[in-house]
Amino acid sequence: MAPTPSSSSASTGSGPNALDSALTSIRTSLALPTTSLNLLVQRFVTLMDQGLAEKGADMAMIPAFVTGVPDGTETGTYLALDLGGTNLRVCEVKLKGDGTFDITQEKYKVSDALKQGPVSDLMEYIAQSVDVFLTDYGSSSDQDVLNMGFTFSFPVEQTAIAKGTLIKWTKGFNCPDAPGKDVVQLLQTALDRKHIKVKVNALVNDTVGALLAHSYHSGGAFIGAIYGTGTNGAYVANVEEVKKLHFGEKGSGADANRPKKMLINTEWGGFDDDAQSRPSGTGLTITPWDNYVDRTSIRPRHHAFEKMISGMYLGEVARAIMVSLIDRLLLFSGWSSPAMDTQYGFDTALISAIQGDKTEASDAKSATRKALVGTMGIKEEHVSDLDVETVRTVCDLVALRAARLSAVPIAATIQHTKQAQEVGSEGKIKVGVDGSVVEYLPGFQDRMKAALVEMLGEKIGEKVVFGLAKDGSGVGAALCALQAVKQEREGHVIV
Ligand code: BGC
């Protein structure tokens, strides 16, 4: 197991003074005052421009080839497939035309061997799961061949609504032969091989799904954001800002069919990915604990921002800090446990439980003690009341930084698109959010909102309305499959 870092000035020592000064230094390292937030917004806007102008940027700004959002009146039955969260999910979604839908769904486990083996095995397993789903549940659609939206929540270079090559894996997936391949084609081949009558007609990122689902539910939306296993966002851009997209010559038939709007999948998890190699104070601040989490992850120096925000990593950041305190004899009298010493041994769900714990530190039945003693296996006699308070502080600081960082892309997108002016004095900016972090981390949304107001000012900050876009990857993918059929009829030409 790789050692975890303590800060360079760290020394071992005991007593409240040493602990106080260690906590003060942790607090300072993780703090994000308004000035730092504003600097990050500026950098984010610059990197948005860069990603919109050229292919291959760290923050990829990927056109999703979706040119409109639903208003809630849509109807029809579509299949949806969701890969990229904790499980693989197959769904059939019936859109009822009044902002609501019925869904039948089943989850299938994806083993680590499939996540990291040949991609043909993974696709074969997905096709098999679709087969099992259709056998178990049947379909209520009257179509001979079912249209399916494929939510594939990884960075993909999309070239059409149902075409896109994987740029790189994130979130613990790493099939080595997949990058550079068209994931729709891979899946369609696996489905065809099994003679399953399903056409993958839309490739959807979960953020695009969240945006479409929220829009369907609330009659329009501007941003879809995921704060879950990973983090990312999509928004509705004006097509002329997407400089890297090319249309036919001005005045030609192709140009006449140019859409006005285009959903952009930002891949903001890759925001400021070169922060480690630039002078400090010019972008993201990478603490020693962040560097530890990053260098021991499957893909070091990729999606560093995501590693400070998302559910896959938050527990690990907190664990790295706790282990550094243990090593300095400032926590649990220097004792640890196998779980505490194991990479990803401290699940982000424990931060949620600890954040929600309002009992006295001495309460033997508190959620914090349950997490430390019951789940993490720290011996009861090694957990003092002060330790309980220290762990609570560490979890809170990690969660607070995540919430404040999470607000940066929202503020930057609003600034970049001048959306506040666009919606006018009475208008709202609707943001659909989904994912375990935003759903279960206590106070996450309120903290994000407070940071937004700091960055945008009260007048604009108050325009932003968050709504839970539950199940964007299911209903959003179905809406995208519907949008694909519509766009094929309209014949937008984008090359
Ligand atoms: C992926 C994104 C995805 C996000 C949320 C990130 O790791 O790169 O494509 O939208 O996780 O699931």
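Our structure's up above, just so we're on the same page.
If you're wondering where the values come from, they're calculated on a predicted model, not measured in any experiment.

## Description of the pairing of strand E9 (residues 223-227)
It is a general feature of regular strands that their side chains alternate between the two faces of the sheet.
Move 1: For E9, the tally of buried residues reaches 5 of 5 residues, placing the bulk of the element in the interior.
Move 2: The alternating pattern of E9 places Ile223, Ala225 and Tyr227 and Gly224 and Ile226 on opposite faces, both of which are buried.
Move 3: Both E9 and strand E10 (residues 231-238) contribute to a ladder of 5 bridges, which runs antiparallel. If you follow Gly224 over to E10, its bridge partner there is Ala234.
Move 4: The antiparallel pairing of E9 with E10 creates a hairpin that spans 3 residues between the two strands.
Move 5: Pairing of E9 with strand E12 (residues 429-434) involves 4 bridges; the strand directions are parallel. Across the sheet, residue Ile223 finds its bridge partner in E12, namely Val431.

## Section: the sheet that holds E10
Move 1: Strand order in this open sheet of 6 strands is E1-E11-E10-E9-E12-E13, and the pairing throughout is mixed. Looking at strand neighbours, the two that pair on one side only are strand E1 (62-63) and strand E13 (464-468), the edges of this open sheet.
Move 2: With respect to the sheet, helix H6 (residues 206-218) is in contact with E9, E10, strand E11 (261-265), E12 and E13, its orientation differing from that of E9 by roughly 125 degrees.
Move 3: Taken strand by strand, helix H13 (residues 385-417) contacts E9, E10, E12 and E13, and its axis lies near 165 degrees from that of E9.

## Remarks on the pattern of salt bridges
In a structure, side chains of opposite charge can pair up when their charged atoms sit close to one another.
Move 1: The final tally for this structure, using the stated rule, is 24 salt bridges.
Move 2: Arg89 is the partner of Asp471 in a salt bridge, and the nearest nitrogen-oxygen pair spans 2.8 Å. On the criterion of sequence distance, the pair formed by Asp471 in the loop between E13 and helix H18 (472-490) and Arg89 in strand E3 (residues 88-96) is long-range, its members being 382 residues apart. Arg89 carries the same exposure label as Asp471, and that label is buried.
Move 3: Notably, a salt bridge pairs Glu316 with Arg319, separated by 2.9 Å at the nearest N-O pair. Here the residue Glu316 and the residue Arg319 both occupy positions in helix H10 (residues 314-327), the gap between them amounting to 3 residues, near one helical turn.

Reading guide: rules and limits
- Residues numbered from 1 in each chain as written.
- Predicted model: local features only at pLDDT ≥ 70, side-chain atom pairs only at ≥ 80, totals over all residues.
- Heavy atoms only, no water.
- Buried < 20%, exposed > 50% of the residue type's maximum accessible area, 1.4 Å probe, protein only.
- Helix = DSSP H or I, 4+ residues; strand = E, 2+ residues; numbered from the N terminus.
- Pairing = 2+ DSSP bridges.
- Contact = heavy atoms within 4.5 Å.
- Axes fitted to C-alpha atoms, helices over the stretch in contact; angles between N-to-C directions.
- Salt bridge = Lys/Arg side-chain N within 4 Å of Asp/Glu carboxyl O.

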